[in-house]
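# Topology and contacts: notes
Take a look at the letters that make up each chain.
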Amino acid sequence: MHSQNPIFIPGPTNMPENLRRAVDMPTLDHRSSEFVNILHPALSGVKQVLKTTAGEVFLFPSTGSGGWETALSNTLSKGDKVLAARNGMFSQKWIDMCERHGLEVVVVEVNWGGGIPADRFEEILTADTAHEIKAVLATHNETATGVISDIAAVRAAMNAAGHPALLFVDGVSSIGSMDFRMDEWGVDVAVTGSQKGFMLPAGLAITAFSPKALAAVETATLPRWYFDIRDMQSGYKINGYPYTPQVGMINGLKTASEMLLREGLENVFARHERIATGVRKAIAAWNMPLCAESPELYSNSVSAIMTPDGFDANKIVTLASEKYQTAFGAGLGAVAGKLFRIGHLGSLTDVMTLSGLATAEMCMKDLGLEITLGAGVAAAQEHYRTTA
Ligand SMILES: *Cc1c(COP(=O)(O)O)cnc(C)c1O
């Protein structure tokens, strides 16, 4: 990779210079008031980004995956049933984590390219009259396939079934780039990481618990220690941490939330939508289908592009890396070799995006795909030129 080239993987994302500086801090005593002045604004900034007033935010030195474990281990007990859809690599990994924790997962299989089937969830929850299902897991944006699911519809399905299960949402690749409404959607645990919409290095698991999820912590018996939110909660109350926090990362999170809120969340979402639309116009000009099955599933943070049958899509990723020092995302799991991904979340401009599209075209042409150089770029240029 060339350090001056933007990165086009869907996380970690490009880091704006001011966030790199915010993370780079001298050693500071985390029991001092100086730390308190970083921690509390970071927590309240995240609450605003999540659109929650009722929720409580907990930050762990970890990544999004640690956020998944925080959600499960704090609220559930061995043998509990949970409901989840498997529609890509990330939902699959969270299901795997549940199974390794001794939970019983009711899995709804979905085509990779499809979204969460809220109607199926409603049927299953309605049939669960004994309320054995304790939690519903939803991957808001399936990063492996570029599919956004409708969380409001999942909540509506749970309400229609009159089901009291908790709702856990993986918003790792949506929060900070696509609309997320923790309180309005009745999300009980929201999970993200620092290296996607927050444009920081990897290293923080960012979670938020609703009052209902906080209550579940008291009766849940899955083993937990490092991720026990009660220790984190009592730490915060005395302006501290149960162990050594990454002060620089938390300062980065404070600065990143300030940046997002200063731009205005709705403007941030509109910017992602606009950049993503340009990318999709380029992909259409290449005559290549998206993995996402229909327009309402199109993600504004990542596009997964299906390459022709018999072609190994990984070759695009390898060539981009080796010849052009540029990173695209590879296909994961069941779609490995069948697609490549262009990440378009976080800190990205029209100009940066056009360079990525031009590079993807060079790679595809080099590899013998039927591509007219500039065709996708021109389609994106037209979109950016007329909407800027
Ligand atoms: C990146 C990602 C994860 C994993 O997060 P890590 O920070 O790599 O642990 C989980 N879910 C989704 C949807 C992601 O995009």
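Here is a short report on the structure shown in this document. (Residues numbered from 1 in each chain as written. Predicted model: local features only at pLDDT ≥ 70, side-chain atom pairs only at ≥ 80, totals over all residues. Heavy atoms only, no water.)

### With respect to the nonpolar core
Core analysis: the biggest nonpolar cluster contains 87 residues, and Leu59, Phe168 and Phe198 have the highest contact counts within it. Looking at which element gives the most residues to this core, the answer is helix α2 (residues 33–49), with seven residues. With near-sequence residues (within four places) excluded, Phe198 lies in contact with Leu19, Val46, Val49, Ile175, Thr192, Gly193, Ile206, Leu253, Ala256, Ser257 and Leu260. Residues Ile283, Leu357, Cys363 and Val377 belong to the second largest nonpolar core, which totals 28 residues. (Core = buried A, V, L, I, M, F, W, Y, C linked by side-chain atoms within 4.5 Å. Buried < 20%, exposed > 50% of the residue type's maximum accessible area, 1.4 Å probe, protein only. Helix = DSSP H or I, 4+ residues; strand = E, 2+ residues; numbered from the N terminus. Contact = heavy atoms within 4.5 Å.)

### Describing the packing of helix α3 (residues 64–75) against helix α4 (residues 89–100)
In contact at an axis separation of 11 Å, α3 and α4 are set at 45 degrees when each is read in the N-to-C sense. Between α3 and α4, the angle falls in the class oblique. Note that α3 runs across α4; the crossing there is right-handed. Across the interface between the two elements, Ser65, Trp68, Glu69 and Leu72 of α3 pack against Phe90, Lys93, Trp94, Met97 and Cys98 of α4. Across the contact of α3 with α4, the residue classes break down as six nonpolar, one polar and two charged. (Axes fitted to C-alpha atoms, helices over the stretch in contact; angles between N-to-C directions. Parallel < 35°, antiparallel > 145°, perpendicular 65-115°, else oblique. Left-handed = near helix turned anticlockwise from the far one by under 90°. Nonpolar A, V, L, I, M, F, W, Y, C, P; charged D, E, K, R; others polar.)

### Focus: the pairing of strand β1 (residues 56–61)
Most of β1 is tucked away, with five of its six residues classed as buried. Inspection of the sheet shows β1 paired to strand β9 (residues 204–209) by six bridges, in the antiparallel sense. The residue bridging Phe60 from the neighbouring strand is Ala205, located in β9. (Pairing = 2+ DSSP bridges.)

### Some details on α4
Spacing of three or four residues puts side chains on the same side of an α-helix, whose turn is 3.6 residues. Relative to the 16 Å expected for twelve residues at 1.5 Å per residue, α4 spans 16 Å between its end C-alpha atoms, a close match to the ideal helical length. Of the positions making up α4, those classed as buried are Phe90, Ser91, Trp94, Ile95, Met97 and Cys98. Mapping the buried residues of α4 onto a view down its axis gives an arc of 155 degrees, with all of them on the same face. The inward-facing, buried residues of α4 abut α3, β2 (81–86), β3 (104–109), β4 (133–139), β5 (141–142) and β7 (166–170). A positive phi of about 80 degrees marks Gly102, the residue just after α4. (Expected span 1.5 Å × (residues − 1). Arc of directions from axis to C-beta.)

### Quick word on the pairing of strand β8 (residues 189–193)
Within β8, five of the five residues are buried, leaving the element largely enclosed by the surrounding structure. Neither face of β8 is open: one carries Val189, Val191 and Gly193, the other Ala190 and Thr192, and all of them are buried. In the sheet, β8 pairs with β9 via five bridges, with the strands oriented antiparallel. Along β9, the bridge assignment pairs Val191 with Thr207.

### A word on unusual backbone geometry
Of note, the bond from Gly11 into Pro12 is cis; its omega dihedral lies within 30 degrees of zero at -5 degrees. Inspection of the secondary structure puts Pro12 in the segment before α1 (17–23). Residues other than glycine seldom take positive phi values, yet His131 does so here, at roughly 55 degrees. Tracing the backbone shows His131 in the loop between α5 (118–127) and β4. For His131, a relative accessible area of 29% puts it in the partly exposed group.

### A closer look at the sheet that holds β8
Pairing is mixed in the open sheet, where seven strands are placed in the order β1-β9-β8-β7-β4-β2-β3. Both edges of this open sheet fall to β1 and β3, since each of them pairs with a single strand only. Each neighbouring strand pair of the sheet contributes to a mean axis angle of 20 degrees, computed without reference to strand direction. Against the sheet, helix α6 (residues 151–160) engages β4 and β7, with an angle of about 165 degrees to β7.

### Remarks on the site of the ligand
In the neighbourhood of the ligand, the contacting residues comprise Thr63, Gly64, Ser65, Trp68, Phe90, Asn141, Thr143, Asp170, Val172, Ser173, Gln195 and Lys196. Between the ligand and Asp170 there is a distance of 2.6 Å, counted from a nitrogen atom to a side-chain nitrogen or oxygen. Between the ligand and Gln195, the relevant distance is 2.7 Å, taken from an oxygen atom to a side-chain nitrogen or oxygen of the residue. Out of a free accessible area of 380 Å², the ligand has 88% covered by protein chains. Top contributing element to the shell around the ligand by residue count: α3, with three residues. Partitioning the shell around the ligand into residue classes produces three nonpolar, seven polar and two charged. (Near = heavy atom within 4 Å. Polar contact = N/O pair within 3.5 Å; in protein donor to acceptor, adjacent residues only side chain to side chain. Areas by Shrake-Rupley, 256 points an atom, 1.4 Å probe, with all protein chains shown as cover.)

### Remarks on the packing of helix α10 (residues 265–285) against helix α13 (residues 375–387)
One can describe the packing of α10 onto α13 by two numbers: an axis separation of 7 Å at closest approach and a directional angle of 150 degrees. As far as their axial angle goes, α13 and α10 are roughly antiparallel. In this structure, α10 meets α13 at a crossing whose hand is right-handed. Along the contact surface, α10 presents Arg274, Ile275, Thr277, Gly278, Val279, Lys281, Ala282 and Ala285, while α13 presents Ala375, Gly376, Ala379, Ala380, His383, Tyr384 and Thr387. By residue class, the composition of the contact of α10 with α13 is eight nonpolar, five polar and two charged.

### Overview of the sheet that holds strand β10 (residues 302–306)
In spatial order, the strands read β10-β12-β11; together these three strands make up an open sheet with antiparallel pairing. Either end of the sheet is taken by a strand with one partner, and the two such strands are β10 and β11 (329–330). As judged from the two bridges shared by β11 and strand β12 (residues 339–343), these two strands associate in the antiparallel manner. Among the inter-strand pairings, Ala330 is bridged to a residue of β12, identified as Phe340.

### Regarding the packing of aromatic side chains
Centre distance and the angle of the planes are the two values used to describe a pair of aromatic rings. Inspection of every chain in the model, using the stated rule, returns twelve aromatic pairs. Aromatic pair Phe180 and Trp185: ring centres 5.6 Å apart, planes at 70 degrees, arrangement edge-to-face. Assigned by exposure class, Phe180 and Trp185 land together as buried. Among the aromatic side chains, those forming a connected cluster through ring pairs are Phe35, Phe58, Phe60, Phe209, Tyr226, Phe227, Tyr236, Tyr241 and Tyr243. (Phe/Tyr/Trp six-rings, centres within 6.5 Å; stacked < 30°, edge-to-face > 60°.)

Any functional reading would require information beyond the geometric quantities listed.
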